[in-house]
Structure formats: C-alpha cells, structure tokens
Amino acid sequence: MPTAPVNAGATRWHVYADAAQVAQQAAGRILTGASRAIAEHGVYRIVLAGGRTPEQAYQRLRNADTDWSRWQVYFGDERCLPPRDPGRNSTMAARAWLDHVPIPREQIHPIPAELGAEAAARAYAQLIRRARPFDLVLLGMGEDGHTASLFPGRTYPEDEDVHAVHDAPKPPPDRVSLSRRALGDAREILILVTGEGKREALRRWRAGEPLPVASIHGPTGVDVLLDRAANG
Ligand code: 6PG
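Remember, it's a predicted structure, so these values are computed and weren't measured experimentally.

Conventions we followed
Residues numbered from 1 in each chain as written. Predicted model: local features only at pLDDT ≥ 70, side-chain atom pairs only at ≥ 80, totals over all residues. Heavy atoms only, no water. Near = heavy atom within 4 Å. Polar contact = N/O pair within 3.5 Å; in protein donor to acceptor, adjacent residues only side chain to side chain. Areas by Shrake-Rupley, 256 points an atom, 1.4 Å probe, with all protein chains shown as cover. Nonpolar A, V, L, I, M, F, W, Y, C, P; charged D, E, K, R; others polar. Pairing = 2+ DSSP bridges. Helix = DSSP H or I, 4+ residues; strand = E, 2+ residues; numbered from the N terminus. Axes fitted to C-alpha atoms, helices over the stretch in contact; angles between N-to-C directions. Contact = heavy atoms within 4.5 Å.

Engineer: Can you lay out the site of the ligand for me, pointing to particular residues and giving the numbers?
Structural biologist: Surveying the vicinity of the ligand reveals 16 residues, the closest of which are Thr 53, Arg 79, His 146, Ala 148 and Lys 170. Within the backbone of Ala 148, an N or O atom sits 2.6 Å from an oxygen atom of the ligand. The fraction of the free accessible surface of the ligand (410 Å²) that becomes covered by protein chains is 96%. A per-class count over the shell around the ligand returns two nonpolar, eight polar and six charged.

Engineer: Pulling in residues and values, what's your account of the sheet that holds strand E4 (residues 77-79)?
Structural biologist: Here we have three strands laid out as an open sheet, ordered E4-E7-E6, and antiparallel in their pairing. Looking at which strands have only one partner, the edges of the open sheet turn out to be E4 and strand E6 (162-165). When the angles between neighbouring strand axes are averaged without regard to direction, this sheet yields 15°. Bridge count between E6 and strand E7 (residues 175-178): four bridges; the pairing is antiparallel. Paired with Val 165 across the strands is Arg 175, a residue of E7. Sheet strands touched by helix H4 (residues 117-131): E6 and E7. Its angle to E6, the strand with the most contacts, is close to 170°.

Okay, structure coming up:
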C-alpha cells in the first residue's frame, strides 16, 4: 500500500456496451481485489452496494474461484426493514450471491437496521471502526445523484462513520448509511452506473455539481463503471 495517496481525488470513467459487461467487469475487479488483499494481508474486507444495479455482478460471483474463508462482507447502507425482508439490500445480496457461497456466516455483517436507524447506526459504527480501512467499497448511484443512503440537499455529521437517515426520498424513509468518510476509507472504490435513467445525474456529476456520489473519494481515486445507456 503506497504511503502517499496515489491519484487521490481522481475519478476514472470506464464505459462498457451494456449492463452485462459492467457486471462482468465489476465481478472481475472484485475478485482481483480479493486476490490482492488476501495475498497482502490475509483478509478481504468488502463493502457491498444495495439497489438493483449490482445484482448481476453478485450473481457472477457465485461460482468464483477464491478463498471465501478470507472474506469479510459489510454493507454500505440498509433500509430499516425486518431481517430477510425482500426490500433489504442484505436480502438482495444473499439471494443473488451470499447464500450460494461458503463465506462463514459470522463473516457477513448485515447492518442491524431492524433495530431502528439510531441503534443500528451506533452498533454498526462500532463494527466498522475495527474493519477500516476497507479493501473495496462498491456503490451505486440514484437518479438524483445519491449514493448509499446519502441524499442531495441534506447534511450529514462529518464526525460520524455511520448515519441514521430518516428522510430518504427513496423509500423507505428510514435507513442506515455509512458516511462519506467511511465509504472513502478504501483502497478501491467502484461505482456502478447503468441505464438511461442515470444519464442526467451522470451529466450533473461530470459537470461538477456537488452531488453525494461526487463527494466519495478514496486514497487511490474512484473507478466508475458505466454502460452506454447511462453515458448518453
Ligand atoms: C439503496 C441503495 C442506493 C442505490 C441507488 C441505485 O438502498 O437503494 O443503496 O444507494 O445504490 O439508489 O439504485 P439502483 O441500482 O436500483 O438503480
């Protein structure tokens, strides 16, 4: 790991033909990151994105050739819904991937959002304090430029690693989200953006608007994997 930030603040845009190719590239980068982290420090700490975009990439990981016993899986945000609720990000990841691979269950760390936003944020902050820095953080982007559960027009305490969110414009309103600071504390940050619906937010991001997705920076920059439909 370089001591000085390498390309910190750089955003690298990678355009692919379609969502399937974005998923393939994302899965490949996730696995390359795993090989590197496991070789270098014996563990791979990955933060998963929610929403629909990463689902294809997760499905491609089901049959991966990797040492699952070295993986530690965290979540970038969660909706305040009961465990295994179909609307949860942890349920999507489980059905698409995690239920199909032998990662020890105690190494998969869902956000306990069923406890309510405040209690879950407090509990998760304790957990990720011991987990950082992450090896890879995976994120998506909403059509308004949000990422994780960090939404435009809101301010979030800079001294928090995990936020309790109560006014999310994307239902449900109550959520838990890693903070900009925690999401940026990663060797590699991948942001997946696909579909025509993301075109306007992507344009605003590239035009320099201070969108939440644009506020995530890591010591080696950010890689945005997008398809032609989003690229416009
Ligand atoms: C969530 C996600 C959210 C998501 C974006 C994009 O809980 O909804 O964490 O940040 O990544 O809204 O969602 P799609 O991938 O479904 O477009």
